[in-house]
Amino acid sequence: MTTYQTKAGTECGTEVGPGDARYEALRRGFNQRFIATPDYVAVVSSTEEVVAALNKYLASHGPDASLDRRLTVRSGGHCYENFVCGEDVGVILDLGQMDRAYLDQERGAYCVEAGANNWHVATHLYAPFGVALPGGSCYSVGAGGHVVGGGYGLLSRQFGLTVDYLYAVEVVVVRDGQHAEVVVARRDSPEEELRDLWWAHTGGGGGNFGVVTRYWFKGLPKPPSEVLLSAVAWPWEELKDEPERFKSLVRNYGLFFEYENTQRLPAALRGDFTDMFTLLKLTHYSNGKIGLITQLDATRPDSVERLDAFLDWITQDLHVERSPLDRRMGEHAPMGGLEVPTRLPWLTATQTLNGSGDNQCGKYKSAYMTRGFTEPQLTAIFEALTREDYQNPQALLQVDSYGGAINLPDRHETAVYQRSSVLKLQYQTYWRNEDSNADGVADHHDADVDPSIAAPHLRWIREFYRNVYAETGGVPVLQPDGAAGGDAPLPVTDGCYINYPDTDLDDPEWNTSGQSSHRLYYGDNYRRLQGVKEYWDPRNVFRNAQSVQPYTR
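Note that the coordinates shown come from a computational prediction; the quantities given were computed from them, not determined experimentally. (Residues numbered from 1 in each chain as written. Predicted model: local features only at pLDDT ≥ 70, side-chain atom pairs only at ≥ 80, totals over all residues. Heavy atoms only, no water.)

### Details of the overall build of the chain
The secondary structure content of the chain amounts to 14 helices and 18 strands. At 23 Å, the chain has a C-alpha radius of gyration in line with the 24 Å of a compact globule built from 553 residues. Dimensions along the principal axes, computed over C-alpha positions, put the chain at roughly 65 × 60 × 50 Å. Surface accessibility of the chain: about 20,700 Å² in total, with carbon and sulfur atoms responsible for 48%. With 51 positive and 74 negative side-chain charges, the chain shows a spacing of 2 Å between the two charge centroids. (Helix = DSSP H or I, 4+ residues; strand = E, 2+ residues; numbered from the N terminus. Rg over C-alpha atoms; globule rule 2.2 N^0.38 Å. Areas by Shrake-Rupley, 256 points an atom, 1.4 Å probe, with all protein chains shown as cover. Lys, Arg positive; Asp, Glu negative; His and termini not counted. Charge placed at Lys NZ, Arg CZ, Asp CG, Glu CD.)

Next up, the structure:
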């Protein structure tokens, strides 16, 4: 057995290595597909410990040595690929103990440490100060990776993205390739290099430039005191043999957000709906139902009427009665009690929606859309969700409403390039390991013995995605630079979301568009991100399969 390796209270934090009872838990994240075998996990509780831990790692790799055993950083552990828990990882820095959220009187800004999760941030900013970060609804997602990727949530259509309020960021960097140093980059820093580093953390993605330890936000919004929460569903048994019914719902849902604030909607739907956020859950038919979760500002006297008008319009051709959302759909638990819209305090509603799903294996893909779905896309979606050769109740396409305040900034104002989309899509499939090695239990060792456990799930989601975007090379391409018309129709898509990473985007078997993952994630902001990388991490210490690359690489 490997020697017990733990050193509590050292300047490098607490090091947990093989043989320690904590090692099994700390060498993995939320997605059980990826389990690393690091030399140790450094559990750090301060910026000083981050510096010491990083310097120790660098000291063990001389200036000319290969960094083939990567150092990675974990805040909440929700990375969808093996960027943190890959086979080539030597050291994991675990920032989970750095979890404070408070008002920094000296800076006049709200400070959120990188290890704070969404629920902790919500409670510690709202209860004492009445403000909120417009971030995600999965309670255990950590701020460290969520914010730097341009995180969004149910308040974002009304108030914008998390990064739209980012004032400063504290980052431990390795500018000379061998020694860690702490820098604070502000949007109003006098040095251009620091302003660029701040900008890179407004959507440039985690694990690219250094170790984020703290964020500061200014001007955070006050969420509505109460919201209206609704969860409804429609049975697949009335849709599977009636594809046009299914298509009409998805078509009208997309068109509502495409037509928002235009004369193409009836008068009852031309008001301000930016306070409304929706999640359309298009599950595989084996789930039994598809669902829709909706949140609106209940302090507005017309909230019930607006919700009813929206539901009536998107279901005008459906001819199927609503039913309770009484089963799990992806990361959200059953919400059968919300078939009748329910008025709740905002924080209570946030807790109601606060789900991350079970800890199991998963694969994910993403897409931004600037308009509603095309007819070929609707057909591909229906066919994938009704495939008979694949039975998985936890396979789905989630279509989130987008736009509103998110689209107010220019696409170069932050590193988030997609500032003209009306929908944001997340393709998801979940599965558990089976007892392939016949030891009486299901665990990650079964996947080592039988890699084919994942095969049907990966094949389904890859083929699903490729077929939806068959007309654009199998991926949701960005619109061409300077596109303003012409004979060829413009794509309705606008690339992918870095916080839903997908390594298939760089696989020629699944992407024949000619647009790499860097292009799909960052558009023409990628060139500036490369400059930031070259200045602050020229040795490429912080990297993964899709990380920003220095100019010279």
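### Concerning helix 7 (residues 243-259)
Along its 17 residues, helix 7 runs 24 Å from first to last C-alpha, staying within 8% of the 24 Å computed at 1.5 Å per residue. Here helix 7 lies mainly inside the structure; 13 of its 17 residues are buried. In the segment just after helix 7, Asn261 is the residue with positive phi, at about 65°. (Expected span 1.5 Å × (residues − 1). Buried < 20%, exposed > 50% of the residue type's maximum accessible area, 1.4 Å probe, protein only.)

### Thoughts on the packing of aromatic side chains
In this structure the tally under the stated criterion is 31 aromatic pairs. Seen in terms of ring centroids, Tyr390 and Trp460 are 5.1 Å apart; in terms of plane orientation they differ by 15°. Their pairing is stacked. Within this pair, whereas Tyr390 is found in the loop between helix 10 (375-385) and strand 17 (395-401), its partner Trp460 is found in helix 12 (residues 455-468), the two being separated by 70 residues in sequence. Neither Tyr390 nor Trp460 differs from the other in exposure class; each is buried. With a centroid separation of 5.1 Å and 90° between ring planes, the pair formed by Tyr427 and Tyr465 is classed as edge-to-face. (Phe/Tyr/Trp six-rings, centres within 6.5 Å; stacked < 30°, edge-to-face > 60°.)

### Re helix 10
Count 3.6 residues to each turn of an α-helix, and residues three or four apart come out pointing the same way. Within helix 10, the full set of buried residues consists of Gln377, Leu378, Ala380, Ile381, Phe382, Ala384 and Leu385. The inward-facing, buried residues of helix 10 contact helix 7, strand 12 (277-283), strand 16 (361-369), strand 17 and helix 12. (Contact = heavy atoms within 4.5 Å.)

### Observations concerning the side chain of Asp297
When you line up the elements, Asp297 lands in strand 13 (residues 289-297). Among the polar contacts made by the side chain of Asp297, one reaches the side chain of Thr299 at a distance of 2.5 Å. In this view, Asp297 contacts Gln158, Pro224, Glu226, Asp275, Ser303 and Arg306; residues no more than four positions away in its chain are not counted. (Polar contact = N/O pair within 3.5 Å; in protein donor to acceptor, adjacent residues only side chain to side chain.)

### A closer look at unusual backbone geometry
The phi torsion at Ala438 lies on the positive side, around 55°, for a residue other than glycine. A positive phi is found at Asn540, a non-glycine position, where the angle reads about 60°. By the secondary structure assignment, Asn540 is in the segment after helix 14 (526-536).

### Considerations on the nonpolar core
With 156 residues, the main nonpolar core has Leu282, Phe310 and Leu425 as its most contacted residues. It is helix 7 that contributes the most residues to this core, eight residues altogether. Once residues within four sequence positions are removed from consideration, Phe310 is found in contact with Tyr253, Phe256, Phe257, Leu269, Phe273, Met276, Thr278, Leu292 and Thr294. One finds Val16, Tyr23, Phe34 and Val41 within the second-largest nonpolar core, a separate group that totals 11 residues. (Core = buried A, V, L, I, M, F, W, Y, C linked by side-chain atoms within 4.5 Å.)

### Here's the deal with the pattern of salt bridges
According to the stated counting rule, one finds 35 salt bridges in the structure shown. For Lys365, the salt bridge is made with Asp502, and the minimal N-O distance between the two is 2.8 Å. Within this pair, whereas Lys365 is found in strand 16, its partner Asp502 is found in the loop between helix 12 and helix 13 (517-522), the two being separated by 137 residues in sequence. The burial state of Lys365 is the same as that of Asp502; both residues are buried. (Salt bridge = Lys/Arg side-chain N within 4 Å of Asp/Glu carboxyl O.)

### Remarks on the side chain of His61
Checked against the element boundaries, His61 lands in the loop between helix 2 (47-59) and strand 4 (70-74). Of note is the side chain of His61, whose polar atom sits 2.9 Å from the side chain of Ser60.

### Describing the packing of helix 10 against helix 12
Between helix 10 and helix 12, the least distance of the axes is 8 Å, while the angle of their chain directions is 165°. Comparing their axes, helix 12 and helix 10 come out roughly antiparallel. Judged by the sense of rotation from one axis to the other, the crossing of helix 10 with helix 12 is right-handed. Residue-level contacts link Gln377, Ala380, Ile381, Ala384 and Leu385 of helix 10 to Trp460, Phe464, Asn467 and Val468 of helix 12. (Axes fitted to C-alpha atoms, helices over the stretch in contact; angles between N-to-C directions. Parallel < 35°, antiparallel > 145°, perpendicular 65-115°, else oblique. Left-handed = near helix turned anticlockwise from the far one by under 90°.)

### Some details on the confidence of the model for the chain
On average, residues of the chain score 94 in pLDDT, and 96% of them are at 70 or above. Counted against residues more than four places away or in other chains, residues 1-8, with its pLDDT under 50, gives 22 contacts. (pLDDT = per-residue confidence, 0-100.)

### With respect to the packing of helix 7 against helix 10
As a packed pair, helix 7 and helix 10 sit with axes 10 Å apart at the nearest point and diverge in direction by 120°. Classified by the angle between their axes, helix 7 and helix 10 sit oblique to one another. The two elements helix 7 and helix 10 cross, and the hand of that crossing is right-handed. On helix 10, the residues that touch Pro243, Phe246, Lys247, Val250 and Arg251 of helix 7 are Glu375, Leu378, Thr379, Ile381, Phe382 and Leu385. When grouped by side-chain class, the residues that make up the contact of helix 7 with helix 10 number seven nonpolar, one polar and three charged. (Nonpolar A, V, L, I, M, F, W, Y, C, P; charged D, E, K, R; others polar.)

### A closer look at the sheet that holds strand 7 (residues 109-113)
Pairing within the open sheet is antiparallel, and its five strands lie in the order 6-7-10-8-9. Lying at the two open borders of the sheet, with one neighbouring strand each, are strand 6 (101-104) and strand 9 (181-186). Sheet twist, expressed as the mean angle between neighbouring strand axes with direction ignored, is 25°. The sheet contacts of helix 2 involve strand 8 (166-173), strand 9 and strand 10 (211-217), and relative to strand 8 the element is tilted by about 35°. Where helix 3 (residues 118-129) meets the sheet, its contacts fall on strand 6 and strand 7, and the angle it forms with strand 6 comes to roughly 45°. (Pairing = 2+ DSSP bridges.)

### Things to note about the environment of Ser60
For Ser60, the position within the fold is in the loop between helix 2 and strand 4. Judged by relative accessible area, which is 53%, Ser60 ranks as exposed. Between the alpha carbons of Ser60 and Gly210 there is a distance of 18 Å; along the sequence they are 150 residues apart.

### Comments concerning the environment of Leu307
Of note, Leu307 is situated in helix 8 (residues 303-314). Leu307 gets classed as buried once you look at its relative accessible area, which sits at 0%. With 87 residues separating them in the primary sequence, Leu307 and Leu220 have C-alpha atoms 26 Å apart. Apart from the residues within four sequence positions on either side, Leu307 is in contact with Leu228, Ser230, Thr294, Leu296 and Pro341.

### Topic: the pairing of strand 4
Along any regular strand, the residues point their side chains to alternate faces of the sheet. Of all five residues in strand 4, four are buried, a share of seventy percent or more. Pairing analysis gives five bridges linking strand 4 to strand 5 (residues 89-94), with the strands arranged parallel. Opposite Leu71, over in strand 5, you have Val91 as the bridge partner.

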